[in-house]
Amino acid sequence: MPSPRTIELVKATVPALQAHGLALTTHFYDRLFSNEPELKNIFNLGNQAGGQQQQALALAVLAYAQNIENPSALAPVASRIAHKHASIGIRPDHYPIVGRHLLASIREVLGEAATDEIIAAWAEAYGELADVLIAAETELYRASATAPGGWSGWREFVVDRKVRESELITSFYLRPADSGALPPFVPGQFISIVLYIPELGVEQIRQYSLSEAPNTGYFRISVKREGQDPAGAVSNRLHDAVAIGETLRLSPPYGDFYLHEERDTPVVLVSGGVGLTPMVSMLNALAPTTRRAVFVHGARNGRVHALKGHVEQLAADRAHVEHVVFYDAPAADDVAGRDYHFEGIVDLERIRARVELTDADYYLCGPLPFMLKQRDTLLGWGIGRDRIHYEVFGPDQQIAA
Ligand SMILES: Cc1cc2nc3c(=O)[nH]c(=O)nc-3n(C[C@H](O)[C@H](O)[C@H](O)COP(=O)(O)OP(=O)(O)OC[C@H]3O[C@@H](n4cnc5c(N)ncnc54)[C@H](O)[C@@H]3O)c2cc1C
Ligand code: HEM
């Protein structure tokens, strides 16, 4: 626990951080990348361009400053960061480097307000947070390395099959190049992939949720082709340049968004677009059980609706599985084939009787505004936050608030 004086000084800087938080972290990344250019290989340069990562870090720092006396309030944030860091391979010796540049940036941005005493207080506070994250990451690394079939660092996988699931989404079936066993994972978890990007001249790491249930003998990811101007670096390369038989380097599975398999209460899986990937993993794991599962999915139309036939079949064959589809811009052939249930974006109010289930857990994954809307509906029904779980396919910026 930091000293009372440190707590006082750190808390006193919260308003200044709130005013300058984004400037501070933007400054920090400029400093970090000009002094430590090799770190460009581990940071997501797409997020840097969009500003999301700066915001995520700024929010984490603010959250810490606001809760310095009550570190347990930070536990969910710290868990998410630790899982993300572990999937990227952040090491304890990275922390002093980042800390040095963060403190120098605080000094530069706050100018005269940043006295030596304030900087020392922040150094102590940063050290405390670093210790929490390092301890959590060390434990995650240990668990991955010692799990049956587990490993640490990157492991080579061969692309066994590529299956086009929609106009935008393609699945990759990945088998370990060493033909060894695969570790267990919990449906909802993700792996990281590291890929050299020739246009950028650096490696880039991205996370992809496992879209199959565990124990299949392979890992499957389902990747959406992102952006055209500029094209998303890793997703487009996977679609266009990574052929069957090529090898990819993968992290072990991580992530604290997962199906609570120890429960037997109903499950409502609500996804938008490519956010269906962790949900399909969960649904596949639920299919052989008798646990009630409602799979609610929203897509633009049938052309971009991935894995539709698979989920439809599961629902048709099992009384405990239900499938509800929303299209916000149905195509003529969707209308002709009555291929969806509702027109519009996913609106849980319209299906309240089917999804407001006693003791259900709700899993959300999709664009941030999509998840905020679903979360607000669920909170409005009086569903407890502990039963609403969500995954953000990027840095977590605000849904926890
Ligand atoms: C836990 C987790 C699970 C995930 N699971 C999946 C999954 O199952 N399937 C899936 O498809 N994705 C998933 N993602 C998202 C995935 O990790 C990538 O973020 C996604 O594939 C985009 O990466 P990219 O390298 O193709 O795009 P990036 O290069 O990162 O670009 C992302 C966006 O930013 C824009 N951009 C890039 N550079 C610039 C610039 N200089 N100026 C302006 N705009 C720019 C691009 O046009 C694009 O729209 C997941 C993410 C997380 C965190
Ligand atoms: C106390 C110190 C740190 C804090 C508070 C912190 C905070 C964060 C946060 C909030 C995220 C976004 C998580 C998410 O929601 O996805 C993140 C991601 C990340 N962090 Fe840290 N971090 C710290 C230390 C470090 C260090 C030492 C490194 C190593 C150089 C590092 C590298 C990264 C990378 C590469 C990402 C993913 C970025 C991306 O893909 O956009 N972090 N961190």
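Residues numbered from 1 in each chain as written. Chains lettered and ligands numbered in written order. Predicted model: local features only at pLDDT ≥ 70, side-chain atom pairs only at ≥ 80, totals over all residues. Heavy atoms only, no water.

Asks: Sorry, what's going on with the pairing of strand S6 (residues 247-250) here?
Replies: A one-sided burial pattern is seen for S6, the buried positions being Leu248 and Leu250 and the unburied ones Thr247 and Arg249. Across two bridges, strand S3 (residues 190-197) lies against S6 in antiparallel orientation. In the strand pairing of S6, valine 194 is matched with arginine 249. (Buried < 20%, exposed > 50% of the residue type's maximum accessible area, 1.4 Å probe, protein only. Helix = DSSP H or I, 4+ residues; strand = E, 2+ residues; numbered from the N terminus. Pairing = 2+ DSSP bridges.)

Asks: What exactly am I supposed to notice about the packing of helix H5 (residues 75-88) against helix H7 (residues 116-146) here?
Replies: It is at 9 Å that the axes of H5 and H7 come closest, and there the two elements cross at 55°. As far as their axial angle goes, H7 and H5 are oblique. Once H5 is placed against H7, the crossing between them reads as right-handed. Listed contacts from H7 to Ala78, Ile81, Ala82, His83, His85 and Ala86 of H5 are Val132, Leu133, Ala136, Glu137, Leu140 and Tyr141. In terms of residue class, the contact of H5 with H7 is made up of nine nonpolar, two polar and one charged. (Axes fitted to C-alpha atoms, helices over the stretch in contact; angles between N-to-C directions. Parallel < 35°, antiparallel > 145°, perpendicular 65-115°, else oblique. Left-handed = near helix turned anticlockwise from the far one by under 90°. Contact = heavy atoms within 4.5 Å. Nonpolar A, V, L, I, M, F, W, Y, C, P; charged D, E, K, R; others polar.)

Asks: Could you clarify how one ought to interpret the pattern of salt bridges in this entry?
Replies: Counted under the stated rule, the structure contains 24 salt bridges. The partner of arginine 263 in a salt bridge is glutamate 262, and the shortest N-O contact between them spans 3.5 Å. Residue arginine 354 pairs with glutamate 322 through a salt bridge whose shortest N-O separation is 2.7 Å. A residue pair is termed long-range when its members are at least 10 positions apart, and arginine 354 in helix H12 (residues 352-355) and glutamate 322 in strand S9 (residues 321-327) qualify at 32 residues. Taking relative accessible area as the criterion, arginine 354 reaches 30% and is therefore assigned partly exposed. By relative accessible area, glutamate 322 is classed as partly exposed at 22%. Beyond isolated ion pairs, a larger network of salt bridges with shared partners links Arg5, Glu8 and Glu117. (Salt bridge = Lys/Arg side-chain N within 4 Å of Asp/Glu carboxyl O.)

Asks: Help me understand the site of ligand 1 in this model?
Replies: Inspection of the region around ligand 1 gives 25 residues, with Gln207, Tyr208, Lys224, Pro230 and Ser235 positioned closest. Here a nitrogen atom of ligand 1 and a backbone polar atom of serine 222 are 2.9 Å apart. Separating an oxygen atom of ligand 1 from a backbone N or O atom of valine 234 is a distance of 2.8 Å. Here ligand 1, which alone exposes 970 Å², has 78% of that area covered by the protein. (Near = heavy atom within 4 Å. Polar contact = N/O pair within 3.5 Å; in protein donor to acceptor, adjacent residues only side chain to side chain. Areas by Shrake-Rupley, 256 points an atom, 1.4 Å probe, with all protein chains shown as cover.)

Asks: How should I be thinking about the layout of surface pockets in this particular structure?
Replies: Where empty space is left becomes clear once a probe the size of a water molecule has been rolled over the atoms. Roughly 200 Å³ of volume is contained in the second largest pocket. Lining the second largest pocket we find 15 residues, and of these Ala143, Ser144, Pro184, Gln189 and Pro253 sit closest to its centre. Ranked by residues supplied to the lining of the second largest pocket, first place goes to H7 with three residues. Three or more residues apiece are contributed to the lining of the second largest pocket by two domains, here domain 1 (4-146) and domain 2 (155-250). (1 Å grid on protein atoms, 1.4 Å probe; cavity = no way out; pocket = protein on both sides within 12 Å on 5 of 7 lines; lining within 4 Å. Points joined across faces, edges and corners; volume = space filled by probe spheres on them. Domains from an automatic or database assignment.)

Asks: Whenever I open this one, the domain arrangement of the chain confuses me. Can you help?
Replies: Accessible area lost upon the coming together of the parts serves often as the stated size of an interface. Here the domain parsing of the chain yields domain 1 (4-146), domain 2 (155-250) and domain 3 (267-391). Here domain 2 and domain 3 have C-alpha centroids that lie 24 Å from each other. Each side of the interface is counted separately: domain 2 has 17 residues, and domain 3 has 14 residues. Across the interface of domain 2 and domain 3, roughly 1,300 Å² is buried in total on both sides, 62% from carbon and sulfur atoms. Inspection of the region where domain 2 meets domain 3 yields one salt bridge. Residue glutamate 167 is joined to arginine 303 by a salt bridge in which the shortest nitrogen-to-oxygen separation is 3.3 Å. (Buried area = accessible area lost by both parts, 1.4 Å probe.)

Asks: When you look at helix H9 (residues 276-286) in this model, what are you seeing that I'm missing?
Replies: Note that an α-helix has 3.6 residues per turn; residues three or four places apart therefore point the same way. Burial analysis of H9 places ten of its eleven residues in the buried class, which makes it a mostly covered element. Along H9, the residues classified as buried are Leu276, Thr277, Pro278, Met279, Val280, Ser281, Met282, Leu283, Asn284 and Leu286.

Asks: Could you clarify how one ought to interpret the nonpolar core in this entry?
Replies: What tends to happen in soluble globular proteins is that the nonpolar side chains get buried as a cluster. Among the nonpolar cores identified, the biggest contains 24 residues, and Val268, Val270, Val296, Leu348, Ile351, Val355 and Leu378 are the most heavily contacted of them. The contacts of leucine 378, once residues within four sequence positions are left out, are Leu348, Tyr362, Leu364, Ile383 and Ile388. The next biggest cluster of nonpolar side chains, apart from the first, holds 23 residues, and it includes Leu269, Ala293, Ala306 and Ala315. (Core = buried A, V, L, I, M, F, W, Y, C linked by side-chain atoms within 4.5 Å.)

Asks: Looking at this model, I keep getting lost on helix H13 (residues 368-380). Mind explaining?
Replies: Across its 13 residues, H13 extends 18 Å between first and last C-alpha, which sits within 8% of the 18 Å expected from 1.5 Å per residue. Of the residues making up H13, those classed as buried are Leu368, Phe370, Met371, Leu372, Gln374, Arg375, Thr377 and Leu378. Buried positions along H13 lie against strand S7 (267-272), strand S11 (361-365) and strand S12 (388-391). (Expected span 1.5 Å × (residues − 1).)

Asks: For this particular structure, what's the right way to read the pairing of strand S2 (residues 169-176)?
Replies: Along a regular strand, successive side chains alternate from one face of the sheet to the other. Most of S2 is tucked away, with seven of its eight residues classed as buried. From the end of strand S1 (residues 155-164) to the start of S2, which pair antiparallel, there are four residues. Direction of pairing for S2 relative to strand S5 (residues 219-224): antiparallel, over a ladder of six bridges. In the sheet register, leucine 174 faces S5, and the bridge partner there is phenylalanine 219.

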